Structures are given as structure tokens and as C-alpha cells.
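Examining the three-dimensional arrangement
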Amino acid sequence: MTGRPPLAGLHHVALHARRFEATEAFYTEIVGMTVEWRPDDDNVYLTSGTDNLAIHRAEGTVEEHGQRLDHIGFLVDRAEDVDRWYDHLRSRDVAVDAPPRTHRDGARSFYAKDPEGTTVQFIHHPPLAPRRA
């Protein structure tokens, strides 16, 4: 038995967006991601430096084919950054599900909605936080 190969992390998430421009603006102007590549007017690839979010313009009705995305999670370095993100999104009239809360495992997070209604989590998870000397 050879065992499981190593995993370096999540590379990307791809979304179909009926509200393409509004969805791109949410992730660039509000969340702060940058455009990595725009191959045409119907596709854009965004990054925060170590990841990739692909947004593809949805034409007509989006067929779900049984696939269900629960949410996208953005990692932040400090628990207080979660609260800052909450305040930032509320100041931009972004729909949020509830105020930030600290979980039993020490993580702190809250959920918001992008223009397509996709749930977006902002989370501080201590085991993934940078180690400070």
C-alpha cells in the first residue's frame, strides 16, 4: 500500500454567475482579489495570491446537474480580522447571515452572500494561522 499522495492545498473554485459583472465587482472591489487573467468578456480568473477563483458568465438558466456548492471559505490571519471583515462587508451593504462567532475548536467566522447568492465564509482557523515569533 503506497498511502495517500501529499496535498498542497485548494487551488481554485469555479462559479457560474448570471450577474457576472456584479459578482466580479464583489470579489475584486469588496473582497480585494485581483484579476489574474481575463481570456474574454465571459470569463475572469481572480487571485488573492495563493489561490484562484474562476467566474464564468452563465447564459440562460444554470443547470445544476446535482452539484451543490455549500460555501467558499476565505482564511484570515487573526480572529479580530474576522470582525473587521464583518464591519467592512456590512458597510458595503453586503448581506450577512449572522455576526461573527467563535466556534468550539477556536476558529472564528461568519457567512455572507455574494451577488449570486453564493455563501462566502470569512474564517480565522488557528492551526492554519501564520506562526508569529
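The preceding data block contains the structure.
This section reports on the structure supplied with the text. This structure is a prediction, so every number in the text was calculated from the model and none was measured.

Our next topic: the sheet that holds strand E2 (residues 34–40). Pairing within the open sheet is mixed, and its 4 strands lie in the order E1-E4-E3-E2. Strand pairing shows two members of the sheet lacking a second neighbour, strand E1 (12–17) and E2, which therefore form its edges. Here the strands of the sheet are splayed against their neighbours by 20° on average, with no regard to which way each runs. Lying over the sheet, helix H1 (residues 20–30) contacts E1, E2, strand E3 (43–47) and strand E4 (52–57), oriented at roughly 165° with respect to E4.

As a further point, take H1. Within the sequence span of H1, burial applies to Phe20, Thr23, Glu24, Phe26, Tyr27 and Ile30. After H1 finishes, the residue Gly32 shows a positive phi value of roughly 95°.

The next subject is the packing of aromatic side chains. Taken as a whole and assessed by the stated rule, the structure comprises 7 aromatic pairs. With a centroid separation of 6.3 Å and 40° between ring planes, the pair formed by Tyr27 and Phe74 is classed as tilted. With Tyr27 in helix H1 and Phe74 in strand E5 (residues 72–75), this residue pair connects regions lying 47 residues apart in the sequence. Overall, the relative accessible area of 0% leaves Tyr27 in the buried class. Judged by relative accessible area, Phe74 falls into the buried class, the value being 12%. Three or more aromatic residues link up through ring pairs in this structure, and these residues are Phe26, Tyr27, Phe74, Trp85, Tyr86, Phe110 and Phe122.

In terms of nonpolar packing, the biggest core is built from 24 residues, with Tyr27, Leu53, Ile55 and Phe74 touching the most fellow members. For this core, the elements supplying multiple residues, two or more each, are E1, H1, E3, E4, E5, helix H2 (79–91), strand E7 (108–113) and strand E8 (119–124). For this core, the element with the highest residue contribution is H1, accounting for 4 residues. Leave out the neighbours within four places in its chain, and Leu53 touches Val13, Leu15, Tyr27, Met33, Val44, Tyr45, Leu46 and Ile72.

Before going further, it helps to spend a moment on the pattern of salt bridges. In the structure shown here, the tally under the stated rule is 9 salt bridges. Between Arg78 and Asp81 there is a salt bridge; the shortest N-O distance is 2.8 Å. When its relative accessible area of 32% is taken as the criterion, Arg78 is described as partly exposed. When its relative accessible area of 11% is taken as the criterion, Asp81 is described as buried. A salt bridge links Asp97 to Lys113; the shortest N-O distance between them is 3.3 Å. Remark: Lys113 occurs in strand E7 and Asp97 occurs in the loop between H2 and strand E6 (101–102); sequence separation between them is 16 residues. Given the relative accessible area of 26%, Lys113 is considered partly exposed. The structure contains a network of salt bridges with shared partners spanning Arg78, Glu80, Asp81 and Arg84.

About the criteria used
Residues numbered from 1 in each chain as written. Predicted model: local features only at pLDDT ≥ 70, side-chain atom pairs only at ≥ 80, totals over all residues. Heavy atoms only, no water. Pairing = 2+ DSSP bridges. Helix = DSSP H or I, 4+ residues; strand = E, 2+ residues; numbered from the N terminus. Axes fitted to C-alpha atoms, helices over the stretch in contact; angles between N-to-C directions. Contact = heavy atoms within 4.5 Å. Buried < 20%, exposed > 50% of the residue type's maximum accessible area, 1.4 Å probe, protein only. Phe/Tyr/Trp six-rings, centres within 6.5 Å; stacked < 30°, edge-to-face > 60°. Core = buried A, V, L, I, M, F, W, Y, C linked by side-chain atoms within 4.5 Å. Salt bridge = Lys/Arg side-chain N within 4 Å of Asp/Glu carboxyl O.

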